[in-house]
Amino acid sequence: MTASRLFPSTGLGSTVFAAGRSGVRDLTARPRLGLRGRGTPNWCAAAGLPFPAEINGIARAGSIRVARLGTYELLVLSDDGLPIAAPAEPVPEAFDGYRDETWAWFRFEGPAVANALATMTAVDLRPAAAPAGRVLQTRFAGLDVVLVIDRRDPDLAVDLFFDIASVDYLLGAISDRAPELLTAA
């Protein structure tokens, strides 16, 4: 793994866009990393993190979520914004996926989110179809995205990961289809 780096972000900071309880936050500046390669289970073990049992599943260790995107592809997220500890020694066949550099991270949360997101994706986000702890790799407002489903009873919370070069496009799509999520606080 490479040392921590600083890359251009969305330029939005951690702004809360919506008034009240529903809205979208830009978490792009939070620590996260992507891993690929046959060594990812060993990397998790060396870092003291669980390796999710199934593809599109999530394992948690404290404030760290490990989302399994493929057989040997992971997205590791820091929910509290603290750095993610890497193993002391490099792990063979575990490679940086550069998700900190190439993906933006938006979080949608609150009671209005489920209906608003339904206007931007064909994915069924009802609790039975998309329970907490699931990863959905799909299309959202015309973009390829990864959705990490969370729930805060009774509300839906969704972490959305997408190409950082598409931030302005996505904000425009949200403004057109779900402007209530972008109302200034």
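Above this note sits the structure.
Computed from a predicted structure; not experimentally measured.

**A look at the pattern of salt bridges**
- Throughout the structure, instances matching the rule amount to 12 salt bridges.
- Residue Arg126 is joined to Asp124 by a salt bridge in which the shortest nitrogen-to-oxygen separation is 2.6 Å.
- The exposure class assigned to Arg126 is exposed, which follows from its relative accessible area of 56%.
- In the salt-bridge network here, residues are joined through shared partners; they are Arg25, Arg60, Arg65, Asp79, Arg107, Glu109, Asp150 and Asp159.

**Concerning the environment of Ile174**
- Looking at where Ile174 falls in the secondary structure, it is placed in helix H4 (residues 167–177).
- Judged by its relative accessible area of 0%, Ile174 is buried.
- For the pair Ile174 and Leu117, spaced 57 residues apart in sequence, the C-alpha separation works out to 8.9 Å.
- Once residues within four sequence positions are removed from consideration, Ile174 is found in contact with Phe108, Met120, Pro179, Leu181 and Leu182.

**So, the sheet that holds strand E6 (residues 95–96)**
- As summarised here, the arrangement of the 5 strands in space is E3-E4-E5-E2-E6, forming an open sheet in which the pairing is antiparallel. Both outer strands of the open sheet, strand E3 (58–61) and E6, are each paired with one neighbouring strand and no more.
- As paired strands, strand E4 (residues 64–70) and strand E5 (residues 73–78) are joined by 6 bridges and run antiparallel to one another. Residue pairing across strands places Gly70 opposite Glu73, the latter belonging to E5.
- Helix H1 (residues 40–47) rests against strand E2 (32–36), E4 and E5 of the sheet, and its axis sits at about 135° to E2.

**Regarding the nonpolar core**
- Phe106, Phe108, Phe140, Leu160, Phe162 and Leu170 are the most contacted members of the largest nonpolar core, which totals 29 residues.
- Among the elements of the structure, strand E7 (103–110), helix H3 (113–118), strand E8 (135–140), strand E9 (143–152), strand E10 (155–163) and H4 are those that each provide at least two residues to this core.
- At 5 residues, the largest contribution of residues to this core is made by H4.
- Beyond its immediate chain neighbours, meaning those up to four positions away, Leu170 contacts Phe106, Phe140, Ala141, Leu143, Leu160 and Phe162.
- Counting 12 residues, the second largest nonpolar core, distinct from the first, contains Leu33, Leu35, Cys44 and Leu49.

**What to know about H4**
- Along H4, the residues that are buried comprise Val167, Leu170, Leu171, Ala173 and Ile174. Along H4, the residues classed as buried sweep out an arc of 160° about the axis, all on the same side. Those residues of H4 that are exposed and angled more than 90 degrees off the buried face are Asp168 and Asp176.

**Considerations on the side chain of Asp26**
- Position of Asp26 relative to the elements: it lies in strand E1 (residues 23–26).
- Although Asp26 lies buried, it forms no salt bridge, and the closest oppositely charged side chain, Arg32, sits 7.5 Å away as judged by the N-O distance.
- For Asp26, the side chain forms a polar contact with the side chain of Thr28, separated by 2.6 Å.

**Details of the side chain of Arg99**
- Relative to the elements of secondary structure, Arg99 occurs in helix H2 (residues 99–102).
- Within polar-contact distance, the side chain of Arg99 engages the side chain of Glu73 at 2.7 Å.
- In this view, Arg99 contacts Arg32, Leu33, Gly34, Arg36, Glu73 and Leu75; residues no more than four positions away in its chain are not counted.

Rules used in this analysis
In this numbering scheme, every chain counts its residues from 1 along its sequence in written order. Restriction of local features to residues with pLDDT of at least 70 applies here, the model being predicted, together with a cutoff of 80 or more for giving and counting side-chain atom pairs; totals for whole chains, interfaces and linings are based on all residues. Side-chain descriptors were evaluated using all non-hydrogen atoms of the structure, hydrogens and water having been removed beforehand. By definition here, a salt bridge exists when the distance from a side-chain nitrogen of Lys or Arg to a carboxyl oxygen of Asp or Glu is within 4 Å. Think of it in three bands: with a 1.4 Å probe and only protein chains considered, a residue is buried below 20% of the maximum accessible area for its type, exposed above 50%, and partly exposed in between. A helix here means a DSSP run of H or I that spans at least four residues, while a strand means a run of E at least two residues long, and both kinds are numbered starting from the N terminus. Contacts between residues were defined by any pair of non-hydrogen atoms, one from each residue, lying within 4.5 Å. One requirement defines pairing of two strands: DSSP has to find at least two bridges between them. Axis definition: a line fitted to C-alpha atoms, over the contacting stretch in the case of helices. Angles run 0 to 180 degrees between N-to-C directions. Among buried residues, those of type Ala, Val, Leu, Ile, Met, Phe, Trp, Tyr and Cys that are joined through side-chain atoms within 4.5 Å constitute a nonpolar core. Directions drawn from the helix axis to the C-beta atoms are what define this arc. In this charge count, Lys and Arg are treated as positive and Asp and Glu as negative; neither His nor the chain ends contribute. In protein, a polar contact means a hydrogen-donor-capable atom and an acceptor-capable atom, both N or O and within 3.5 Å, with residues adjacent in sequence counting only if both atoms are side-chain atoms; elsewhere, any N or O pair within 3.5 Å suffices.

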